[in-house]
Amino acid sequence: MTQYLIRRTLWSITMLIAVTALVFVIFFLLPGAAGNAGSGKYPPVAVRIAGKQPSPATIEAIIDRLGLDRPVHEQFFSYLGNAAQGDLGYSYQTEEPVTQAVLRRLPPTIGLALGASVLWLLIGCTIGVISALKRRTVWDRASMIGALAGVSMPVFWIGLMAVFFFDSRLQIYDTGSYVPFTSNPLQWLSVMWLPWIVLALTYAAIYSRMVRGNMLEVGGEDYIRTARAKGLTERSVIRHQLRSALTPVVTMYGLDLGLLLGGAIITENIFNIPGIGSYTVTAIAQQNLPVILGTTVIASFFIIFSNLIVDVFYAILDPRVTYS
Amino acid sequence: MGEPILEVKDLKVHFPTPDGVVKAVDGLTFTVHRGETFGIVGESGSGKSVTCLTALGLIKRESAQISGEVLFEGHDLLKLSNEDLRPIRGKGLSMIFQDPFACLHPFYRVGDQIIEAIQCHDSCDKNEAKNRTIGLLDAVGIPQPDDRIRDYPHQFSGGMRQRAMIAMALAHNPSLLIADEPTTALDVTVQAQILELIDHIKQEFNIGVILITHDLGVVADVAQSVMVMYAGRAVEYGSRDEVFSGPLHPYTWGLLESIPNIDRKGGRLVPIEGAPPSLIRVPTGCAFNPRCPHRFDPCDKDRPELLDRGGGHPEACHLRIEDKKRLWNEREAGRVEVAS
């Protein structure tokens, strides 16, 4: 177990370095990249920061200050060295330390992702299980049509519709009035409920279809027939069925949550929640390399970490799985 | 042979499908007695398993048209609701299945699954159930049962899983054990052990056993009565000795000729030509007639009923009894000739 965790951790660090390297390649080496002077005189990012009609001296000062004239590999390794000490550099735009900015924007994202995920787990599993048990009934057909609709509607559309309907029309929702949970929990709740629902809808649809499918598949397994043949009550038989049908949900949930913790980009932007996702979008628009790197590394970290957690959990849930 | 414990009368199980009605079982009558192993033999899809699953109510009733009677301990099992069948399942009537690799829940310990089987009919505490489980596992020949009780199914071999299934089936001293191809998925050496175990249990507890198999060799070893099924109907039904020494149906002949036999050294196995019919479009007349080398005029028109035509036990073939005896003797002689 310990050996397994050590190996996985080392592998995770390698992955993080690889992701960082990839962002560097995209930012500095690709033709037309923001940090690549190419056939022009200066890297586009420096010209951008310098403002309207800058003098060559201003641009050169900026290049010098940001260290853009150093060889790419040197910049890469100094970034890695600093990152290892928790220093993710400074924003090109605001000069705020990226580590600090990311930490400040993490709680809204975590709140959004966790709240939505609890919601979709509850809705998805409940609908999936009931649909499977009441297969081919009106309930089953109606919820599966609902799930199809849920899967088909993109988040950006549902999100905008929700804002239009609840904010502009009904005026029971105030978009963009986010406050941290710690300063006013009630207002926080009054802001978060709608993005939770919007974000959870698509996932709930996917989960309900998956759970229904798993339940039906497991229901046809020989060991469920054994459970009935030995005289168990229908309740106990369903318990046996759930035990197998819900185990894969743990895997899905871990991976989906890990992905969202790196920023629910569309939802955060629509509802103006100051999380990692909206930060990333702004940074990309501004060619703000340190912020892009910082949020990418954080997002990768969550994905890699949630994978690890899922794998460890799976071995607990399924006795056939062992660490090797 | 003891008193009858299971009586099946004119059982029909039809499944309506978009392509037509699947007549999985089409008029089946037989009786199983205490202390007897009753072998049901036939190819895949001949209705062997469906018969037994129907008796236990393990076929979804809303998807099938079921008629006839299945009498067990004074009840017609077909008339009982799911709730009323539950106290009989696993208590008076137990069943073990073909694939021991798939029959135990992979996420629960073997011991816990047997404990659960005990506790669902007896309100005893967990400790007592556990001790009984250890006793059962010991009785079916699992070594160190007090340790193995904590194992998960994947830590058991195929033979041990089938032993565990048998232990579970015996938890409440059933009066009838249905074994649905219990050895098909196992190694030959393990097959013999499991059959021996079932036979031993039958004698020790004086219960009835239904042994479903496609292998006449298995039946020859352990059964007292044999019913040969084809396309949802019985084609021959009698004691083991009657059926093996004087088989009267060409399908039984075919099955017997396809058993490898060490005495027929060098002799070739003779497969039955063709494949079993679709149960949606069963051939008119005798269902076996398209594959039968001895078919004659009425075979594709009149369906032969299961009757004793003078051969000593019921069979369903239009051939005259003297022709049957002659043909079987000729076929046997022909085999010997090929062998030598």
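Only a predicted model underlies this, so the values are computations on that prediction, with no experimental measurement involved.

**Some remarks on the overall build of chain A**
Move 1: A count of helical and extended segments in chain A gives 14 helices and zero strands.
Move 2: Its helices and strands taken in sequence order, chain A reads α-α-α-α-α-α-α-α-α-α-α-α-α-α from the N to the C terminus.
Move 3: For chain A, the spread of C-alpha atoms along the three principal axes comes to 85 × 55 × 40 Å.
Move 4: Out of the 324 residues in chain A, the part that is buried amounts to 45%.
Move 5: Of the contacts made within chain A by residues no fewer than 6 positions apart, 67% connect residues no fewer than 24 positions apart.
Move 6: When the accessible surface of chain A is totalled, it reaches about 16600 Å², and 66% of it is carbon and sulfur.
Move 7: Averaged over its 23 positive side-chain charges, chain A has a centre that lies 12 Å from the centre of its 18 negative ones.

**Observations regarding the layout of surface pockets**
Move 1: Of the volumes computed, that of the largest pocket is approximately 1100 Å³.
Move 2: Along its surface, the largest pocket is lined by 29 residues, and Gly219, Arg228 and Glu234 of chain A together with Lys60 and Glu62 of chain B are the ones closest to its centre.
Move 3: When residues of the lining of the largest pocket are traced back to their parent elements, those giving at least two are helix H5 (98-133), helix H8 (185-219), helix H9 (222-229) and helix H10 (234-245) of chain A together with helix H2 (82-85) of chain B.
Move 4: The greatest single-element share of the lining of the largest pocket, amounting to four residues, is contributed by H9 of chain A.
Move 5: Roughly 440 Å³ of volume is contained in the second largest pocket.

**Examining the interface of chain A and chain B**
Move 1: Across the contact, 19 residues belong to chain A and 23 residues belong to chain B.
Move 2: Summed over both partners, the interface of chain A with chain B comes to about 2100 Å²; 62% of that surface belongs to carbon and sulfur atoms.
Move 3: Interface area lost by chain A to chain B is led by Arg225, Lys230 and Pro319 of chain A, which between them contribute 28%.
Move 4: Connecting chain A to chain B are two salt bridges.
Move 5: In this structure, the salt-bridge partner of Glu116 of chain B is Arg239 of chain A, at a minimum N-O distance of 2.7 Å.

**Let's talk about the sheet that holds strand S7 (residues 176-180) of chain B**
Residues and elements named next belong to chain B.
Move 1: Across the sheet, six strands lie side by side as S6-S7-S8-S3-S9-S10; this open sheet has mixed pairing. Lying at the two open borders of the sheet, with one neighbouring strand each, are strand S6 (93-96) and strand S10 (233-239). On average, each strand axis in the sheet is tilted by 15° relative to the strand beside it, whichever way the strands run.
Move 2: By the bridge criterion, five bridges tie S7 to strand S8 (residues 208-213) in an arrangement that is parallel. Its bridge partner lying in S8, Ile178 is registered against Ile210.
Move 3: Helix-sheet contacts for helix H8 (residues 188-205) involve strand S3 (37-41), S6, S7 and S8, and the interaxial angle to S8 is about 160°.
Move 4: On top of the sheet, helix H11 (residues 250-257) reaches S3, strand S9 (225-230) and S10; it is set at about 105° to S9, its chief contact.

**Notes on the confidence of the model for chain B**
Move 1: Considering every residue of chain B, the mean pLDDT works out to 90; 96% of them sit at 70 or more.
Move 2: Both scores are given for the predicted complex: the pTM is 0.85, the ipTM 0.87.

**Some points on the state of the cysteines**
All names here are of chain B.
Move 1: Following the criterion strictly, the structure yields zero disulfides over all chains and no others.
Move 2: No disulfide involves Cys292; its sulfur sits 6.1 Å from that of Cys317, the nearest cysteine.
Move 3: You can call Cys292 buried: its relative accessible area is 9%.

**Some thoughts on the environment of Gly208 of chain B**
Residues and elements named next belong to chain B.
Move 1: By secondary structure assignment, the location of Gly208 is in strand S8.
Move 2: The spacing of Gly208 and Ala185 is 23 residues in sequence and 23 Å in space, taken between C-alpha atoms.
Move 3: Those residues within four positions of Gly208 in sequence are excluded, and the remaining contacts are Ile5, His33, Arg34, Gly35, Glu36, Ser175, Leu176 and Leu177.

**A look at the nonpolar core**
Move 1: Leu6, Phe30, Leu77, Ile166, Leu176, Ile210 and Met227 of chain B are the most contacted members of the largest nonpolar core, which totals 106 residues.
Move 2: Of the residues forming this core, the biggest block, seven residues, is contributed by helix H7 (residues 158-169) of chain B.
Move 3: Those residues in contact with Leu77 of chain B that lie beyond four places of it in its chain are Ala55, Arg61, Val70, Phe72, Leu85, Ile88 and Leu93 of chain B.
Move 4: Membership of the second largest hydrophobic core comes to 79 residues, among which are Leu112, Tyr173, Val191 and Ile292 of chain A.

Parameters and conventions
- Residues numbered from 1 in each chain as written.
- Chains lettered and ligands numbered in written order.
- Predicted model: local features only at pLDDT ≥ 70, side-chain atom pairs only at ≥ 80, totals over all residues.
- Heavy atoms only, no water.
- Helix = DSSP H or I, 4+ residues; strand = E, 2+ residues; numbered from the N terminus.
- Buried < 20%, exposed > 50% of the residue type's maximum accessible area, 1.4 Å probe, protein only.
- Contact = heavy atoms within 4.5 Å.
- Areas by Shrake-Rupley, 256 points an atom, 1.4 Å probe, with all protein chains shown as cover.
- Lys, Arg positive; Asp, Glu negative; His and termini not counted.
- Charge placed at Lys NZ, Arg CZ, Asp CG, Glu CD.
- 1 Å grid on protein atoms, 1.4 Å probe; cavity = no way out; pocket = protein on both sides within 12 Å on 5 of 7 lines; lining within 4 Å.
- Points joined across faces, edges and corners; volume = space filled by probe spheres on them.
- Buried area = accessible area lost by both parts, 1.4 Å probe.
- Salt bridge = Lys/Arg side-chain N within 4 Å of Asp/Glu carboxyl O.
- Pairing = 2+ DSSP bridges.
- Axes fitted to C-alpha atoms, helices over the stretch in contact; angles between N-to-C directions.
- pLDDT = per-residue confidence, 0-100.
- Disulfide = S-S within 2.5 Å.
- Core = buried A, V, L, I, M, F, W, Y, C linked by side-chain atoms within 4.5 Å.

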